[in-house]
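The lines below spell out each chain.
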Amino acid sequence: MVKVVSGIPEKNKLKYRYMKLIIPMAGIGKRMRPHTLTVPKPLLPVAGKPMVQHLVEDICKMTGEKIDEIGFVIGNFGKEVEQNLIKVAEKTGAKGKIFYQKEALGTAHAVLCAAEMLKGKVIVAFSDTLFRGEVKIDATNDGVIWVQKVEDPRPFGVVKMDKQNIITDFVEKPQEFVSDLAIIGIYFFKDGEYLHKEMQYLIDNNIKEKGEYQITNALENMKKKGTKFTVAQVSEWLDCGSKENMLFTNKRILETKADRKTTAKCENSVIIQPCYIDESVTLKNSVVGPYVSIGANCKIENSVLTDTIIQDSTVVLNANISASMIGSFVKYEGGQDVLSIGDYNQVKN
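Treat the numbers as computed from the prediction; the structure is a model and nothing was measured. In this convention, every chain numbers its residues from 1, walking through the sequence in written order. Since the coordinates come from a predicted model, pLDDT governs what is reported: local features require at least 70, and pairs of side-chain atoms require 80 or more to be given and counted, while whole-chain, interface and lining totals use all residues. Computation of side-chain values: all heavy atoms of the structure, hydrogens and water removed.

## Examining the environment of serine 235
Here is step 1: Strands are runs of DSSP state E lasting at least two residues, helices are runs of H or I lasting at least four, and both sets are numbered from the N terminus onward. Looking at the element boundaries, serine 235 is found in the loop between strand 14 (229–233) and strand 15 (236–239).
Here is step 2: Linking serine 235 and lysine 160, residues 75 residues apart in sequence, is a C-alpha distance of 18 Å.

Laid out in structure tokens, this is it:
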């Protein structure tokens with residue numbers, strides 16, 4: 001008889017000695033259009049890197065253990081996007097895998113699309129969640145749920161805890177106050193096979209919450225059966241669900257992570273830090289910053305930019321721009337404006 005410990009056969013424990021990371025990111029990002037018409041939201045740049053790369057790097061720092069595989073659950077984003085995601089994983093020393101979610105059927109369904117990775121220790125991190133805070137995983141816990149205190153918990157799923165910081169209740173979007181600890185979308189599970197079983201139970205028995213299969217229902221079932229979930233509280237939760245939130249996240253990351261040096265070509269120009277400016281950028285007769293991110297091969301001339309994200313291969317001439325997002329291969333000329341311009345556009349005022 002094979003001995004089973006926490007759902008994992010003893011003979012397979014060495015096989016699953018490393019952590020897995022699953023990142024569901026199949027959403028189409030309607031609130032971020034026009035920028036998500038050509039690029040999925042998690043690959044939009046924030047402070048010089050795609051959002052999902054910030055997420056992966058921050059999680060790898062906090063595990064204390066090696067993550068050997070990263071699975072990305074995506075929609076039909078195309079081969080170039082898939083290759084870019086594989087590169088994100090490889091930069092951390094992990095193997096990248098691509099899985100597909102063809103229908104938006106909820107968070108539990110999304111994680112189950114990467115079912116082959118639900119073995120041993122698993123982290124699940126939803127892709128539009130960035131965070132700040134010195135958080136370390138205690139892998140001896142059955143599970144850890146990332147939370148942050150919020151002023152208005154009504155739009156969120158929240159948790160209640162006992163005096164030992166063990167979660168006693170998961171409550172989805174409470175209209176009356178029960179807790180101000182909102183679930184931010186990052187979870188650790190010591191036993192991925194057990195999580196797999198409980199999420200599959202939802203599918204097999206058509207147990208839905210507001211028409212979808214939700215991971216919180218699986219967590220509630222696990223808790224009732226004796227699984228002890230604790231919390232990891234972050235100091236700041238950075239949402240990237242809208243243009244305004246993206247710009248705020250860009251600002252906060254630049255304030256804490258930015259390399260204040262730049263080798264970009266500057267002619268009669270001033271950079272007000274913090275900024276991210278790719279080394280291939282050309283600045284001429286311009287003032288850039290603070291809180292500006294400019295991607296590769298851009299040209300900025302006779303312009304003033306503040307609080308703005310510009311992607312790659314874009315030209316900005318004779319402009320005064322703030323609180324703006326501009327995509328790749330754009331040419332914008334003239335005017336003082338707050339902009340949201342997608343890829344491959346030409347605008348002249």
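From this point, the discussion proceeds with the structure in view.
## Focus: the nonpolar core
Here is step 1: In this description, a nonpolar core means a group of buried Ala, Val, Leu, Ile, Met, Phe, Trp, Tyr and Cys residues linked to one another through side-chain atoms lying within 4.5 Å. Buried residues are those whose accessible area, probed at 1.4 Å on protein chains only, stays under 20% of the maximum for their type, while exposed residues exceed 50% and partly exposed ones sit between those limits. With 52 residues, the main nonpolar core has Phe72 and Trp146 as its most contacted residues.
Here is step 2: No other element matches the six residues that helix 1 (residues 51–63) contributes to this core.
Here is step 3: Listed in part, the 31 residues of the second largest apolar core include Ile22, Leu118, Val122 and Ile215.

## With respect to the packing of aromatic side chains
Geometry of an aromatic ring pair is reported as the spacing of the ring centres plus the angle between the planes.
Here is step 1: We call Phe, Tyr and Trp rings a pair once their centres come within 6.5 Å, taking the six-membered ring for Trp, and we label the pair stacked below 30 degrees between planes, edge-to-face above 60, and tilted otherwise. Under the counting rule described, the total for this entry stands at six aromatic pairs.
Here is step 2: Centre to centre, the rings of phenylalanine 126 and tyrosine 187 are 6.4 Å apart; their planes meet at 80 degrees, and the pair counts as edge-to-face. Of this pair, phenylalanine 126 sits in the loop between strand 8 (122–125) and strand 9 (129–132) while tyrosine 187 sits in strand 13 (residues 181–189), placing them 61 residues apart in sequence. When sorted by exposure, phenylalanine 126 lands in the same class as tyrosine 187, which is buried.
Here is step 3: With a centroid separation of 5.3 Å and 55 degrees between ring planes, the pair formed by phenylalanine 156 and tryptophan 237 is classed as tilted. Of this pair, phenylalanine 156 sits in the loop between strand 10 (143–149) and strand 11 (157–161) while tryptophan 237 sits in strand 15, and the two are 81 residues apart along the sequence.
Here is step 4: Members of the aromatic cluster, connected to one another through ring pairs, are Phe126, Phe170, Tyr187, Phe189 and Phe229.

## Remarks on the packing of helix 4 (residues 192–204) against helix 5 (residues 215–224)
Here is step 1: Note on definitions: angles span 0 to 180 degrees between N-to-C directions of axes, and those axes are lines fitted to C-alpha atoms, for helices only across the stretch in contact. At a closest axis distance of 9 Å, the pairing of helix 4 and helix 5 adopts a crossing angle of 115 degrees. For helix 4 against helix 5, the interelement crossing comes out right-handed. Seen from helix 4, the contacting residues are Tyr194, Leu195, Glu198, Met199, Tyr201 and Leu202; seen from helix 5, they are Ile215, Asn217, Ala218, Asn221 and Met222.
Here is step 2: Residues are grouped as follows: Ala, Val, Leu, Ile, Met, Phe, Trp, Tyr, Cys and Pro are nonpolar; Asp, Glu, Lys and Arg are charged; all remaining types, including Gly, are polar. Each residue belonging to the contact of helix 4 with helix 5 can be placed in one class, and the counts come to eight nonpolar, two polar and one charged. Less than a right angle of anticlockwise turn of the near helix away from the far helix marks a crossing as left-handed, whereas a clockwise turn marks it as right-handed. Residues count as neighbours in contact if any of their non-hydrogen atoms are within 4.5 Å of one another.

## Side note on helix 1
Here is step 1: Over its 13 residues, helix 1 runs 19 Å from end to end, which matches the ideal 18 Å to within 8%, given 1.5 Å per residue.
Here is step 2: Among the 13 residues that make up helix 1, ten are buried, leaving the element largely enclosed by the rest of the structure.
Here is step 3: Remark: glycine 64 follows helix 1 within two positions and exhibits a positive phi of approximately 75 degrees. In this analysis, the expected span of each helix is defined as 1.5 Å times one less than the number of residues it contains.

## Section: the pairing of strand 8
Here is step 1: Here strand 8 shows a buried face lined by Val122 and Val124 and a second buried face lined by Ile123 and Ala125.
Here is step 2: As judged from the four bridges shared by strand 8 and strand 13, these two strands associate in the antiparallel manner. Looking at strand 13, one finds that isoleucine 123 is bridged to phenylalanine 188. Here the rule is simple: two strands pair whenever DSSP picks up at least two bridges between them.

## Description of the state of the cysteines
Two cysteines joined by a covalent bond between their sulfur atoms form a disulfide.
Here is step 1: Cysteine sulfur atoms are paired as a disulfide whenever they come within 2.5 Å of each other. Here the structure, examined in full by the defined rule, presents zero disulfides.
Here is step 2: Take cysteine 275: it sits in no disulfide, and the sulfur closest to it among the cysteines is that of cysteine 266, at 10 Å.

## Quick notes on helix 4
Here is step 1: For helix 4, spanning 13 residues, the distance from its first C-alpha to its last is 18 Å, which sits close to the expected 18 Å at 1.5 Å a residue.
Here is step 2: Buried within helix 4 we find Gly192, Leu195, Glu198, Met199 and Leu202. One face of helix 4 carries all of its buried residues, which in axial projection span an arc of 130 degrees. Exposed residues lying more than 90 degrees from the buried face of helix 4 are Lys197 and Asp204.
Here is step 3: N-capping of helix 4 is provided by aspartate 191, with a side-chain oxygen placed 3.2 Å from the backbone N of glutamate 193.
Here is step 4: Just downstream of helix 4, asparagine 206 is the residue with a positive phi angle, here 50 degrees. Directions pointing from the helix axis toward each C-beta atom define the arc. Each polar contact in these results corresponds to two N or O atoms within 3.5 Å; when the atoms are within protein, one needs to be able to donate a hydrogen and the other to accept it, and residues that are neighboring in sequence are counted only if both atoms are side-chain atoms.

## What about the side chain of glutamate 69?
Here is step 1: Turning to its location among the elements, glutamate 69 is positioned in strand 6 (residues 67–74).
Here is step 2: Within the structure, glutamate 69 has its side chain in polar contact with the side chain of lysine 97 (distance 3.4 Å).
Here is step 3: Contact partners of glutamate 69, with chain neighbours within four places excluded, come to Met19, Lys20, Leu21, Ala94, Lys95, Lys97 and Met117.

## Points about the confidence of the model for the chain
Here is step 1: Looking at the chain, the pLDDT average stands at 86 and 93% of residues meet or exceed 70.
Here is step 2: Values of pLDDT, the confidence the predictor places in each residue, fall between 0 and 100. Segment residues 1–15: pLDDT under 50, and 18 contacts once partners within four positions in sequence are set aside and those in other chains are kept.

## Some details on unusual backbone geometry
Here is step 1: The omega angle of the peptide bond from glutamine 273 to proline 274 is 5 degrees, so this bond is cis rather than trans.
Here is step 2: Of note, the bond from glycine 289 into proline 290 is cis; its omega dihedral lies within 30 degrees of zero at 0 degrees.
Here is step 3: For proline 290, the location among the structural elements is in the loop between strand 20 (287–288) and strand 21 (292–294).
Here is step 4: The residue asparagine 297 is not glycine, and still its phi comes out positive at about 65 degrees.
Here is step 5: Mapping asparagine 297 onto the fold places it in the loop between strand 21 and strand 22 (299–301).

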